[in-house]
Amino acid sequence: MENFFDKFPSPHPFDVQERISNGFREPYDLSKESRLIFPEKLNKSFKIKTALIIGSGHTEGIYHALRNPDITYTCIDISKKAIDASIKDANRLKLKNCTFIHANFLDFNKEFSFDVIYSRNVFQYLPDAVEAFKKCFNLLSDDGAILCTLASSYLYEDIDYIRDVVLELGYSYNNSEDINEVINFITGLSGAHPSKSRAFNNDKILDEKDFISRFMSPVHNSFSIDDLFSTIDASGLFFQSWYNNNLYYPSALLRKESSKHPSFYDRINKLDLLKKWDAICRLLRASNDRYSHTFCLRKKKELEFYDLKLLNKNSSFVSIRPYQVIKEIQGRSGYYAASSNYLKKLSEGEFKFLNYIKKPKTLDSFFKEKISNINSSDKKNIIQALNEASIIYLYE
């Protein structure tokens, strides 16, 4: 894969400093979202000191080093071109908190452990993701966190389905004639063909580099909910939480009441947790926000599904998620919660609750507080719905 990423880096290089100044933020931003990553009760001395970035590419290491100058980053990538470019950028920006290493992650070793390990859209390009996660387990400190993004099969199976045929026929990303032929073939498929739809974005054909990354990568794996949790279980790690709950919960995405399918919501919502998440992903697979799963893994069993456990602890603190905006929308009634990928109309009770926690509060204080137009019987439902929509988060 080294030659592939030398030619087709992912993401494509951009001016990181300029994007940050324009408000660009990646998921699990350590400077603003550390309590989302580490929601457990922390010692006063707790501090994130070291982080490993796997597949740092041209931009990932630079981004984190700029955002968090007090954290020391070790950045590795299989592409020497990406590493050389990152070293050049780090020198230009006079960054002293990052080191760039040209290495295959599976061959990488360090004598010390890391507080945080980032892996964004990397492990799907390895033959065995379980081996990669086991490697992470050994490199992670006992209280550390792995912040990971993996390709979602709910969208990528439409791509992988045809990509396998392309590779079997011997087409190569190194040959311009092959590239043109594959583009012409896929864009010429029937309009209803699911693989063809993935070659377009808003009715425009993808940029050639993006097309090649999707349809001509020599190795690519994608993950369903079952695939993902089987992989995590085999690694010895534990799933703590999603970054975006609103991609997985019925309450965030489906109407609770519909004359056309009155029992549909309740049937899905009664499923076991993993089956519920899988059902939502299957139903909404056509959406472009289904390209990947982004989640946090930990080494300790007690932190498994921890956001759900915190919902049942009255001592938990609750706060509005960073980068969440509560606003009115011109021409519409009521108030909305808005983030980069999600918009939810708030009930009156939800809006009043969010006003109540402009400064973080404990669940216990909320349950005891008398707030107009919020019935005591509705309070738990409000908190659960806002958590499932990733509008709030909880911590100890």
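One can find the structure itself at the top, above this paragraph.
Residues numbered from 1 in each chain as written. Predicted model: local features only at pLDDT ≥ 70, side-chain atom pairs only at ≥ 80, totals over all residues. Heavy atoms only, no water.

A. Spatial organisation of the overall build of the chain. Across its full length, the chain holds 18 helices and 15 strands. The C-alpha atoms of the chain give 22 Å as radius of gyration, which agrees with the globular expectation for 396 residues (21 Å, within 12%). Counting only C-alpha atoms and orienting by the principal axes, one finds that the chain spans roughly 70 × 55 × 45 Å. The burial tally for the chain puts 51% of its 396 residues in the buried class. When contacts within the chain are restricted to residue pairs at least 6 apart in sequence, those whose partners lie at least 24 apart make up 74%. In the form shown here, the chain has an accessible surface area of approximately 19,700 Å², with 47% of it arising from carbon and sulfur atoms. Between the centroid of the 55 positive side chains of the chain and the centroid of its 51 negative side chains there is a distance of 8 Å. (Helix = DSSP H or I, 4+ residues; strand = E, 2+ residues; numbered from the N terminus. Rg over C-alpha atoms; globule rule 2.2 N^0.38 Å. Buried < 20%, exposed > 50% of the residue type's maximum accessible area, 1.4 Å probe, protein only. Contact = heavy atoms within 4.5 Å. Areas by Shrake-Rupley, 256 points an atom, 1.4 Å probe, with all protein chains shown as cover. Lys, Arg positive; Asp, Glu negative; His and termini not counted. Charge placed at Lys NZ, Arg CZ, Asp CG, Glu CD.)

B. Quick peek at helix H4 (residues 60–67). Of all the eight residues making up H4, seven are buried; the element is thus mostly covered by neighbouring parts of the structure. Buried within H4 we find Glu60, Gly61, Ile62, Tyr63, His64, Ala65 and Arg67. Residues of H4 that are buried make contact with helix H2 (16–21), strand S1 (50–54), strand S2 (72–77), helix H5 (80–92), strand S3 (98–102) and strand S4 (114–120).

C. Examining the packing of aromatic side chains more closely. For the coordinates displayed, the defined rule picks out 34 aromatic pairs. Where Phe229 meets Trp277, the ring centres are 6.0 Å apart and the plane angle is 35 degrees; that geometry is what we call tilted. On the criterion of sequence distance, the pair formed by Phe229 in helix H11 (residues 225–235) and Trp277 in helix H14 (residues 273–283) is long-range, its members being 48 residues apart. With respect to class, Phe229 is no different from Trp277; both count as buried. (Phe/Tyr/Trp six-rings, centres within 6.5 Å; stacked < 30°, edge-to-face > 60°.)

D. Up close: the packing of helix H8 (residues 176–187) against helix H10 (residues 208–215). One can describe the packing of H8 onto H10 by two numbers: an axis separation of 11 Å at closest approach and a directional angle of 80 degrees. By the angle class used here, H8 and H10 are roughly perpendicular. Residues Ile179, Asn180, Val182, Ile183 and Ile186 of H8 lie in contact with H10, whose contacting residues are Glu208, Phe211, Ile212 and Phe215. Counted by class, the contact of H8 with H10 contains seven nonpolar, one polar and one charged residues. (Axes fitted to C-alpha atoms, helices over the stretch in contact; angles between N-to-C directions. Parallel < 35°, antiparallel > 145°, perpendicular 65-115°, else oblique. Nonpolar A, V, L, I, M, F, W, Y, C, P; charged D, E, K, R; others polar.)

E. Expanded view of the packing of helix H6 (residues 129–139) against H11. Running from N to C, H6 and H11 point in directions that differ by 45 degrees, and their axes come no closer than 8 Å. On the basis of the axis angle, H6 is oblique to H11. Crossing of H6 over H11 shows right-handed handedness. Where H6 abuts H11, its residues Ala129, Val130, Phe133, Lys134 and Phe137 lie against Thr231, Ala234 and Ser235. Its residues assigned to classes, the contact of H6 with H11 comprises five nonpolar, two polar and one charged. (Left-handed = near helix turned anticlockwise from the far one by under 90°.)

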